[in-house]
Amino acid sequence: MRAATRASLTLDGGSDWARPTDLSPSAAPAFRVKLGRIAVLEDTNGDGRMDKSTAFLEGLVMPRSFMLLRDGLLVAEPPMLWYYRDTNGDGKADQKTLM
């Protein structure tokens with residue numbers, strides 16, 4: 001049985017950040033499936049609807065939460081807490097630090 005889709009959302013004043021997932025922790029198989037992602041959602045034409053999605057992070061194992069912090073993103077991927085940054089401005093994380 002497939003679990004209901006869940007998502008988190010946070011706002012940074014210009015973009016929305018989402019963490020959609022199709023698995024709940026109880027539905028995850030015994031091995032670690034890397035299906036989690038965090039995307040930046042943008043309204044490119046000003047109509048109030050998000051019409052562009054850019055994957056900031058992909059290949060996460062059941063990310064639980066995230067928070068914008070300074071020039072990066074804290075991501076809880078238990079048992080780890082990671083800090084990700086986009087250092088070249090392409091909208092994708094390219095630096096990862098274990099906190």
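Refer to the structure printed above.
Residues numbered from 1 in each chain as written. Predicted model: local features only at pLDDT ≥ 70, side-chain atom pairs only at ≥ 80, totals over all residues. Heavy atoms only, no water.

**Here's the deal with the overall build of the protein chain**
Secondary structure summary: the protein chain contains zero helices and eight strands in total. Across the 99 residues of the protein chain, 31% fall into the buried class. Nonlocal contacts in the protein chain, meaning residues at least 24 apart in sequence, comprise 28% of its contacts between residues at least 6 apart. About 6,400 Å² of surface is accessible on the protein chain, with carbon and sulfur atoms providing 53% of the total. (Helix = DSSP H or I, 4+ residues; strand = E, 2+ residues; numbered from the N terminus. Buried < 20%, exposed > 50% of the residue type's maximum accessible area, 1.4 Å probe, protein only. Contact = heavy atoms within 4.5 Å. Areas by Shrake-Rupley, 256 points an atom, 1.4 Å probe, with all protein chains shown as cover.)

**Comments concerning the sheet that holds strand β5 (residues 65-69)**
Spatial strand order, β5-β6-β7-β8: four strands in an open sheet with antiparallel pairing. What marks the edges here is a single partner per strand, and that holds for β5 and β8 (95-98). Averaged over all pairs of adjacent strands, the angle between strand axes in this sheet comes to 25°, irrespective of strand direction. (Pairing = 2+ DSSP bridges. Axes fitted to C-alpha atoms, helices over the stretch in contact; angles between N-to-C directions.)

**Some remarks on the nonpolar core**
Membership of the largest hydrophobic core is limited to 10 residues, which are Ile38, Val40, Phe56, Leu57, Leu60, Phe66, Leu73, Val75, Trp82 and Tyr84. Of the residues forming this core, the biggest block, three residues, is contributed by strand β4 (residues 52-60). (Core = buried A, V, L, I, M, F, W, Y, C linked by side-chain atoms within 4.5 Å.)

**Comments concerning the environment of Lys34**
Inspection of the secondary structure assignment puts Lys34 in the loop between β2 (16-18) and β3 (36-42). On the basis of relative accessible area, Lys34 is assigned to the exposed category, the value being 59%. What Lys34 contacts, discounting residues up to four positions off in sequence, is Gly59, Leu60 and Val61.

**Looking at unusual backbone geometry**
The general pattern is negative phi for most residues beyond glycine and trans for most peptide bonds. A cis amide bond, omega 10°, links Pro78 with the succeeding residue Pro79. Here Pro79 is to be found in the loop between β6 (72-77) and β7 (80-85). Although it is not a glycine, Met62 sits at a positive phi angle of roughly 45°. Position of Met62 among the secondary structure elements: in the loop between β4 and β5. Residue classification places Met62 among the buried residues on the basis of a relative accessible area of 13%. The backbone phi angle of Arg70 is positive, close to 50°, even though this residue is not glycine. Structurally, Arg70 can be placed in the loop between β5 and β6. Among the residues examined, Arg70 registers a relative accessible area of 80% and is labelled exposed.

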